[in-house]
Amino acid sequence: MTRQQEKPSMNGTTNGHIPASKEEKKPNILQRVANGIIWFFETGFEKIGTFMATHPWKTILTATVIVGLFCIGNIKFGENEDNSVIWVPSDSELMEHKKYVDSVYPSTTRFFYLILVANNVMDPTTMYSIYNIYDNITAVTSDSGNDYSSICFKSNGNCLVTSVLELWSYNSATIGGLNAATIQSDVNTITTSPMYSSPWEATKYLGGRTTSGSTITGAKAAYITFYIDGTNENNKTAAIDWEKKAVEKAKSLQEAGIQVYYFATVSRSEEGGGAILKDVTLLTIGYFLVILYLFIVFGRLNCVEQRIGLSMAGIIVIGMSIGFSFGLSSAAGWDYGPLHSILPFLLLGIGVDDMFVIVGSYQSLSHHELSLPLPQRMGKLLRHAGVSILVTSVTDILAFGIGATTSLPALKSFCIFSCIGILGLFGLSTTFFLAAFTLDIMRTEQGRNACICCYKHKPDYKPNNCSQRNLFNIFLRKCYTPVLLKLPVKIVVVVISVALLGLNIYGFYSLKQDYNENWFFPTDSYAYEFYEKKDDYFPGGGARAAVYCRNIDYFNGKARFDNLYMQLNSSQYIATGSVDSWFHSYTAWLGTNPAAASGKVDASLYPTNEANFVDLLYTFVTTEATGMRHAREVIFDSSSGTRDITTTYISYQHLTFSTASEEIVAMEATEASVNGIFSESECFTYGRLYLQWYTNKVIKIELFRNLGLAAACVFVVTLILIANLWTSILVFSCVIMTLVDVAGIMHFWGLSINIVSCINFVIAIGLAVDYSAHIGHCFMTFVGDRNERVRATLVEMGNPVFSGGFSTFLAFILLAAGKSYVFITFFQIFLLVVIFGLFHGLVYLPVLLSWIGPSAYTSADRRYKADDPESGEDNKESKLQGHDNLAMKTTVSVNK
């Protein structure tokens, strides 16, 4: 199967002949299977390339129409940014609990918060300044004419605003007449709010406290919460408008000696989402940097051989693959999520890499191949490039395909979008881009200008000499490969690689799981500053949750509810005094108000039957001051003619935890305590932040599962497509080392395992394959001793691999100045992937191949010749003067 013909090196010189007397060893059955696979793919790609180049315009038109048809699916485009839905498995018990709680206790309350910082907020003058700030906020009116009183959530007939000011019922005259002694006395002695008849605790509303014994004598910060009613869509719209106006007002508030920090429910989407949009702008600039880089690398800096049109075709291919991905995914019913914004840049990195391989393969065609008619020439090009692109595309698709099996809806959707996008890239690179490349070669052979294609240069046009030299290839041939292949350098490379691996295995093992909602706010935003101050002055506010009960015999459940109250109060994960049990308050009221329950309780002051239990409870939560605060916690149903209890909840507050792992343990321990008393059908635990904690619990399992399965698939695919066990093992080892090194440095860089880093890691699997797979496959196509084959591989494939990595780096380099956590993490992880991927692909793997690389394919016939001239001057009289020969360092005379 060998062809005895001259082969060019990367700089266009002749590689020489392969001896006809080459000794052949009879292949075993595995080698024959491998040879058959290689022959099948190479022959198939050669036929495809020849056909596409024979009909370039038809190919471009057909590809455009097909992609356009798939883009019609975008009419079903849907977006879902509800974190409670997209990050929690839809079939989990927690989602069932969420649906039930949302149906029975719909979350309609919205909030506006203030943190006011001063030398001492308990000073009478400062206290009145705080009242002025409160008064300014309540006076805010939205564009639709709504003030706070029209949209507030009411309690005891008053708009609910919790703060230290409620001790004096927000009365201007009273607060203006306060002195220091009165403030200190009231703060330390009042335990029930005069306005709302609810428990009042100074530590919730005063931060940075100074004390004398147990007496609070001063405080640095005051916390005010405005409760807003968003019961229906009209109320919600009015509430959002008011919140935006309140934020604007808070920005302008100035009171002597007081710093104002503010946050509203609407801020979460406005500040978090706004940060991502700002950083998308940086990524867009990076996109243009990549386009500029393509202009430089694809062609040569002269009027004819500059490939502006081909560079634009490459960008169009990436755009079409994005449209193909979005159209087909949307048609299939998959929603666009908040992290899908990085998809275009993932496809940019992978797509540009494929295009560099195609252009680099054309540069490596032999004199004989370059003398063939253009369609056959492009067939030979795709014969060499097709398998290499297929290897990386299939491994990328499988890596994301494994990710698509996750139980997390957002990750599943992202991986499906990615799989379809990469499939589109592969198809368009081998059709649309190849056809565009064919047309561009036709243009250069006709001597037409790169920018003004209708202008044809004169027959005696000669490009400048500088544009005919590929300096990077000369560097690879003359400087890089000779140094890399010296024995001391090889030893140093292996030692560094092993040392990095050992260090980063430790880092990987030490990588912690952590997540903080504040990370999603830009560091220069008012939302970020608010939460920084909240952590400084009010750090005790852990996650709130509750035990929800249904389908239970409350009357006969006293022992179990008493046990629940005791266990929650004694839990090491729940804040002391935070358990608020309607059942405990109810039985305490019965014990202290026997007259109110006269005739309906027994000697132990407990209701005599279920009907009395329900009637007395209804009286307690609707008429008694101590019970009215529990009214929302107990839902009654009288539709059957008798009053029944349908659903109740008992609330509690967790401590503040420093890591996600501690949060998961707390959630599971609390759930276990409840399940030890009630069955799941009777009572369950649920809190809004449990959704986030559950995601953190699942994400770590999903990460290691996806990494393991994806790694196995990568190995199997490279084994099938590279068709050599030993090369596949070496390539696989580079992929694993890259991932371990990235994970290890993540630990030393202060990153953690969370939603964002997990998604980036899935992407990293796909990208890490590309850098090594191209080198491994190319090595198998050269004959000679191992060092010669490594030199030839680096000269031919080093430039495309480096260019692919560097262009990916250019796409996200500006994110180093980003403000959103999503894109900063994206920059950090992708920077590591590019650095370690290129190191293992262009440094470590060549060293391994030079020592223990396997024999070449039996069909391989290309050989490296060390004494090739570098200048290309010997080729001036080449018969290819009328051809577009990117590989040759010659003085081209167009149409001569």
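Starting from 1, residues in each chain are numbered consecutively following that chain's sequence as written. Only residues with pLDDT of at least 70 are given local features in this predicted model, and only at 80 or more are side-chain atom pairs given and counted; all residues enter the totals for whole chains, interfaces and linings. Values reported for side chains reflect all heavy atoms of the structure, with hydrogen atoms and water molecules removed beforehand.

Quick look at the overall build of the protein
Turning to step 1, where the next piece is worked out: The helix and strand tally for the protein stands at 29 helices and 15 strands.
Turning to step 2, where the next piece is worked out: Seen along its three principal axes, the alpha-carbon backbone of the protein occupies a region of about 115 × 60 × 55 Å.
Turning to step 3, where the next piece is worked out: Burial here depends on accessible area, computed with a 1.4 Å probe over protein chains only, as a share of the maximum for the residue type. Under 20% is buried, over 50% is exposed, and the range in between is partly exposed. Considering the protein as a whole, with its 896 residues, one finds that 56% of them fall into the buried category.
Turning to step 4, where the next piece is worked out: By the convention used here, residues are in contact when the closest approach between their heavy atoms is within 4.5 Å. Partitioning the contacts of the protein with sequence separation of at least 6, the portion at a separation of at least 24 is 79%.
Turning to step 5, where the next piece is worked out: Neither His nor the chain ends contribute to the count of charged residues, in which Lys and Arg are positive and Asp and Glu negative. We put the charge of a Lys on NZ, of an Arg on CZ, of an Asp on CG and of a Glu on CD. Separation between the mean location of the 65 positive side-chain charges and that of the 74 negative ones in the protein comes to 12 Å. Each helix corresponds to a stretch of at least 4 residues labelled H or I by DSSP, and each strand to a stretch of at least 2 residues labelled E; elements are numbered beginning at the N terminus.

Considerations on the nonpolar core
Turning to step 1, where the next piece is worked out: The criterion is simple. A nonpolar core is a set of buried Ala, Val, Leu, Ile, Met, Phe, Trp, Tyr and Cys residues joined through side-chain atoms within 4.5 Å. Ile318, Met378, Phe400, Phe437 and Ile763 are the most contacted members of the largest nonpolar core, which totals 154 residues.
Turning to step 2, where the next piece is worked out: With residues near it in sequence (within four places) discarded, Phe400 still touches Leu346, Phe414, Cys415, Ser418, Cys419, Ile422, Val762 and Ile763.
Turning to step 3, where the next piece is worked out: Core analysis: the next-biggest nonpolar cluster, separate from the first, contains 65 residues, Leu206, Ala219, Tyr223 and Ala239 among them.

Re the pattern of salt bridges
Turning to step 1, where the next piece is worked out: Take a side-chain nitrogen of Lys or Arg and a carboxyl oxygen of Asp or Glu: if they are within 4 Å of each other, that pair is a salt bridge. Following the criterion strictly, the structure yields 17 salt bridges and no others.
Turning to step 2, where the next piece is worked out: One salt bridge in this structure joins Arg377 and Glu445, with 2.7 Å as the shortest N-O distance. With Arg377 in helix H15 (residues 374–403) and Glu445 in helix H16 (residues 409–445), the pair connects residues that are 68 residues apart, well separated along the chain.
Turning to step 3, where the next piece is worked out: The class of Arg377 is buried, set by a relative accessible area of 2%.
Turning to step 4, where the next piece is worked out: Assessed through its relative accessible area of 17%, Glu445 is described here as buried.
Turning to step 5, where the next piece is worked out: With a closest N to O distance of 3.2 Å, Asp440 and Arg443 form a salt bridge.

Regarding the pairing of strand S7 (residues 215–218)
Turning to step 1, where the next piece is worked out: Pairing between strands is defined by DSSP: at least two bridges between them are needed. Direction of pairing for strand S6 (residues 210–212) relative to S7: antiparallel, over a ladder of three bridges. By the bridge assignment, Thr211 is partnered in S7 with Ile216.
Turning to step 2, where the next piece is worked out: Hairpin connection, S6 to S7: the antiparallel pair is bridged by two residues, and Gly213 has positive phi, about 70 degrees.

Some details on the packing of aromatic side chains
Turning to step 1, where the next piece is worked out: Stacked, tilted and edge-to-face pairs are distinguished by plane angle, under 30 degrees for stacked and over 60 for edge-to-face with tilted covering the rest, among Phe, Tyr and Trp rings (Trp via its six-membered ring) whose centres lie within 6.5 Å. Tallied over the full model, the rule gives 66 aromatic pairs.
Turning to step 2, where the next piece is worked out: With 6.3 Å between their ring centres and 80 degrees between their planes, Phe45 and Phe426 make a pair best called edge-to-face. Note that Phe45 is positioned in helix H1 (residues 29–54) and Phe426 in helix H16, a separation of 381 residues in sequence. Neither residue differs from the other here; Phe45 and Phe426 are each classed as buried.
Turning to step 3, where the next piece is worked out: The interplanar angle of 85 degrees and the centroid separation of 5.3 Å between the aromatic rings of Tyr586 and Phe613 together place this pair among those described as edge-to-face. With Tyr586 in helix H21 (residues 582–592) and Phe613 in helix H22 (residues 610–623), this pair connects stretches of sequence that are 27 residues apart. Across the pair, exposure class does not vary: Tyr586 and Phe613 are buried alike.
Turning to step 4, where the next piece is worked out: Geometrically, a lysine NZ or arginine CZ counts as sitting over a ring once it is within 6 Å of the ring centre and also within 35 degrees of the ring normal. One cation-aromatic arrangement involves Arg789 over Phe779; the distance from NZ or CZ to the ring centre is 3.9 Å.

Examining the confidence of the model for the protein
Note: predicted coordinates in regions of low pLDDT should not be interpreted at a detailed level.
Turning to step 1, where the next piece is worked out: Confidence scores labelled pLDDT are given residue by residue by the predictor and lie between 0 and 100. Across the protein, pLDDT averages 84, with 90% of residues at or above 70.
Turning to step 2, where the next piece is worked out: Averaged pLDDT values over the elements of the protein bottom out at 70 in strand S15 (residues 862–863) and peak at 96 in strand S13 (residues 683–686).
Turning to step 3, where the next piece is worked out: Of the regions scoring below 50 in pLDDT, residues 1–24 engages in 76 contacts with residues more than four places distant in sequence or in other chains.

Quick look at unusual backbone geometry
Turning to step 1, where the next piece is worked out: Here Tyr170, not a glycine, exhibits a phi torsion of approximately 55 degrees, which is positive.
Turning to step 2, where the next piece is worked out: As for its placement among the helices and strands, Tyr170 is situated in the loop between strand S4 (161–162) and helix H7 (172–176).
Turning to step 3, where the next piece is worked out: The residue Asn551 is not glycine, and still its phi comes out positive at about 50 degrees.
Turning to step 4, where the next piece is worked out: Checked against the element boundaries, Asn551 lands in the loop between strand S10 (544–550) and helix H20 (558–570).

Considerations on the sheet that holds S13
Turning to step 1, where the next piece is worked out: Ordered by their spatial adjacency, four strands build an open sheet running S11-S12-S10-S13, and the pairing between neighbours is antiparallel. On the outer flanks of this sheet lie strand S11 (634–637) and S13, each paired with one strand and no other. The average undirected angle you get between the axes of adjacent strands in this sheet is 15 degrees.
Turning to step 2, where the next piece is worked out: As paired strands, S10 and S13 are joined by four bridges and run antiparallel to one another. Residue pairing in the sheet places Val547 in a bridge with Thr685 of S13.
Turning to step 3, where the next piece is worked out: Its contacts with the sheet place helix H25 (residues 688–722) against S10, strand S12 (644–653) and S13, and it is angled at close to 80 degrees to S13. Axis definition: a line fitted to C-alpha atoms, over the contacting stretch in the case of helices. Angles run 0 to 180 degrees between N-to-C directions.

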